[in-house]
Amino acid sequence: MRKLIIANWKMNPAGQAMAKRLFAGIVSGVRGVYNADVVICPPFIYLSGLDSKKVKLGAQDIFWADKGAYTGEVSGKMLKSLGVKYVIVGHSERRAHLGETDEMINKKIKAALKLGLKPIFCVGEKQRKNNDYYVFVKNQIKAGLAKVPKKLSKNIIIAYEPVWAIGTGKAVKPQDLFEMATYIRRVVFNIFGKKTAYKMPILYGGSVNAKNAAKFLNVEGVNGFLVGGASLNAKEFTKIVKEAAND
Ligand code: PGA
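Residues numbered from 1 in each chain as written. Predicted model: local features only at pLDDT ≥ 70, side-chain atom pairs only at ≥ 80, totals over all residues. Heavy atoms only, no water.

A. Molecular detail of the packing of helix α1 (residues 16-29) against helix α9 (residues 234-246). Direction vectors running N to C along α1 and α9 enclose 35°, while the axes themselves pass 9 Å from each other. The chirality of how α1 crosses α9 is right-handed. Contact with α1, carried on its side by L22, G25, I26 and G29, involves A234, F237, T238 and K242 of α9 and no other residues of that element. For the contact of α1 with α9, the per-class residue count stands at 4 nonpolar, 3 polar and 1 charged. (Axes fitted to C-alpha atoms, helices over the stretch in contact; angles between N-to-C directions. Helix = DSSP H or I, 4+ residues; strand = E, 2+ residues; numbered from the N terminus. Left-handed = near helix turned anticlockwise from the far one by under 90°. Contact = heavy atoms within 4.5 Å. Nonpolar A, V, L, I, M, F, W, Y, C, P; charged D, E, K, R; others polar.)

Okay, structure coming up:
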């Protein structure tokens, strides 16, 4: 499977001119890279100013209704009108700071799929004190994908992002990542069957950088990354993409 490298800029950079510069830096850095797909997820407000044939656009969130009295929210239809193809759903920072529940995340995933947007569904345990983090991740996946029609399931991407690894510099160990990716695929198999499970991209996110990317790219069953901090530096992010393309 081709590797998929997704930049999650979070609430950065501080202004539109900087966003355009960063975007341009990444686009020129990945010119000539053909064996990996690149998606950039900037804050909503920058989406309309960014455009490239090479790099696809993603949003960091979506609301489940198409329009109406939902102050401050952005719908999938609005995103589509700006050329957005992907959307991050259920990021742990939204779960923690904005009170996003599994139920809300499920509605958002269904809304994205209905419109043909690819949801990047984030799951991951808060801590690894005992073995129940497997069950924790399984429950997140089952709740997020509840009643999703099987025929739409081919557009789902799962990003495994253990909360303890995000922005901490403490990435997961490759062997642990292998075990979790295998487990996640089995959970998906039990929900949607073999075809979806086999083809679904499973990404890793949590302190990925240009130095550690290679060791995760070698992990069987891991199809790319969701990159936070390191995606704010065009050179660093480009290195990660090139690493993935050479794999
Ligand atoms: P990080 O963030 O790469 O800065 O750890 C990843 C994410 O939260 O998507």
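B. Seen up close, helix α5 (residues 133-144). Helix length check: α5 (12 residues) gives 16 Å between terminal C-alpha atoms against 16 Å at 1.5 Å per residue, within 8%. Listing the buried residues of α5 in full gives Y133, Y134, V137, Q140, I141 and G144. Seen from one end, α5 has its buried residues packed into an arc of 130°, which puts them on one side. Where α5 is buried, its residues meet α3 (92-97), α4 (102-114), β5 (118-123), β6 (157-160) and α6 (174-192). (Expected span 1.5 Å × (residues − 1). Buried < 20%, exposed > 50% of the residue type's maximum accessible area, 1.4 Å probe, protein only. Arc of directions from axis to C-beta.)

C. Main features of the site of the ligand. Residues in close proximity to the ligand total 13 residues, the closest being K10, H91, E161, G167 and S207. In the environment of the ligand, an oxygen atom lies 2.8 Å from a nitrogen or oxygen atom belonging to the side chain of K10. One nitrogen or oxygen atom from the main chain of G167 is found 2.7 Å from an oxygen atom belonging to the ligand. Out of a free accessible area of 290 Å², the ligand has 96% covered by protein chains. The residue inventory of the shell around the ligand, partitioned by class, reads 4 nonpolar, 7 polar and 2 charged. (Near = heavy atom within 4 Å. Polar contact = N/O pair within 3.5 Å; in protein donor to acceptor, adjacent residues only side chain to side chain. Areas by Shrake-Rupley, 256 points an atom, 1.4 Å probe, with all protein chains shown as cover.)

D. Representation of the pattern of salt bridges in the model. Tallied over the entire structure, the rule returns 10 salt bridges. The residue R2 makes a salt bridge to D37 at a minimum N-O spacing of 2.8 Å. Taken together, the positions of R2 in the segment before β1 (3-8) and D37 in strand β2 (residues 36-41) put the pair 35 residues apart, joining distant regions of the chain. On the accessibility criterion, D37 (27% relative accessible area) is partly exposed. Note that R128 and D176 form a salt bridge whose closest N and O atoms lie 3.5 Å from each other. You can see R128 sitting in the loop between β5 and α5 and its partner D176 sitting in helix α6, a full 48 residues away along the chain. Residue classification places R128 among the partly exposed residues on the basis of a relative accessible area of 24%. One network of salt bridges, in which partners are shared, links D61, R94, E100 and K108. (Salt bridge = Lys/Arg side-chain N within 4 Å of Asp/Glu carboxyl O.)

E. Representation of the nonpolar core within the structure. Counting 70 residues, the largest nonpolar core has W9, I158, I184, Y204, F225 and I240 as the members making the most contacts within it. In this structure, Y204 is in contact with Y160, P162, A165, A171, V172, L177, F216, V222, G224, F225 and L226, ignoring residues within four places of it in sequence. If you look at the next biggest cluster of nonpolar residues, it comprises 12 residues, including L4, C41, Y86 and I120. (Core = buried A, V, L, I, M, F, W, Y, C linked by side-chain atoms within 4.5 Å.)

F. Fine view of a positive patch on the surface. Taken together, the side chains of K56, K67, K77, K80 and K85 make up a positively charged region of the molecular surface. Summarising the element assignment, K67 is placed in the loop between β3 (56-59) and α2 (76-81). (Patch = residues over 30% accessible without salt bridge, like charges linked within 9 Å, V, L, I, M, F, W, Y side chains within 5 Å. Lys, Arg positive; Asp, Glu negative; His and termini not counted. Charge placed at Lys NZ, Arg CZ, Asp CG, Glu CD.)

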